[in-house]
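The chain contents come next:
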Amino acid sequence: MAPADAPPSSTAAAPSSTAPAGSMRRMLDIINETSAQSGVTCEVKKKCPDGSYVPAEDADLKTADFDARMSKVVAMVKDMPRTRRLAFGEEMRRAGNDAHAAGDHGDAVQMYAQAMAGLDQTGSEEMKADARKRIALPVLTNMAASFLELKRPVQALACCDEPA
């Protein structure tokens, strides 16, 4: 057995966080678990409109993760050819439908948001109308249904009010 003042072993057990890899929550859990022996803890704070800071909640961390994911998706699809963008939108819509059918409404909303990133509004009016019909209308309707399942009627209504 190592003496009490010995440095921590480099073969310590991996952090036990169940948060998704690369997520803000996972990173925070890893930092806190690996620094627990030293008595150091880390806390994320968010800035309020009045300039004060309060501890971030899990919902805030999930929002940051979602924003980061969406930024990556938007950057990825922006240089895709039009046909590939539309195919990506269709793929994400189907993934959202699968998540919705499985009862994973939060995941469904995220997939639907990614589908909207694939919506290509370039080209002729006929091409734009086709993209709205094939992707935007079904995605926004399905997203509204997922928001209703999550008991978030304001967001569901916003999907219905979104011009497609």
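Residues numbered from 1 in each chain as written. Predicted model: local features only at pLDDT ≥ 70, side-chain atom pairs only at ≥ 80, totals over all residues. Heavy atoms only, no water.

Colleague: Is there a simple way to explain the pattern of salt bridges in this structure?
Modeller: Two side chains with opposite charge may pair up if their charged atoms get near one another. Tallied over the full model, the rule gives 8 salt bridges. Among the ionic pairs, Arg 93 bridges to Glu 90, the shortest N-O distance being 2.8 Å. In this pair, Arg 93 and Glu 90 are both assigned in helix α3 (residues 82-101), 3 residues apart and thus about one turn of the helix distant. The salt bridge involving Glu 90 is made with Arg 94; its shortest N-O contact spans 4.0 Å. Of the two residues, Glu 90 and Arg 94 both sit in helix α3, 4 residues apart, roughly one turn of that helix. In this structure Glu 90 comes out as buried when scored by relative accessible area, which is 13%. By sharing partners, the salt bridges in this structure join Arg 25, Asp 29 and Asp 58 into a single network. (Salt bridge = Lys/Arg side-chain N within 4 Å of Asp/Glu carboxyl O. Helix = DSSP H or I, 4+ residues; strand = E, 2+ residues; numbered from the N terminus. Buried < 20%, exposed > 50% of the residue type's maximum accessible area, 1.4 Å probe, protein only.)

Colleague: Would you mind showing me how to read the packing of α3 against helix α5 (residues 125-149) here?
Modeller: Any two packed helices are characterised by the angle at which their axes cross and by the distance between the axes. Across the interface, α3 lies against α5 with an axial gap of 11 Å and an inter-helix angle of 20 degrees. Between α3 and α5, the angle falls in the class roughly parallel. For the crossing formed where α3 meets α5, the hand is left-handed. Contacts between α3 and α5 pair Arg 82, Leu 86, Gly 89, Glu 90, Arg 93, Asn 97 and His 100 from the former with Met 127, Lys 128, Ala 131, Arg 134, Ile 135, Pro 138, Val 139, Asn 142, Ala 145, Ser 146 and Glu 149 from the latter. In terms of residue class, the contact of α3 with α5 is built from 7 nonpolar, 5 polar and 6 charged. (Axes fitted to C-alpha atoms, helices over the stretch in contact; angles between N-to-C directions. Parallel < 35°, antiparallel > 145°, perpendicular 65-115°, else oblique. Left-handed = near helix turned anticlockwise from the far one by under 90°. Contact = heavy atoms within 4.5 Å. Nonpolar A, V, L, I, M, F, W, Y, C, P; charged D, E, K, R; others polar.)

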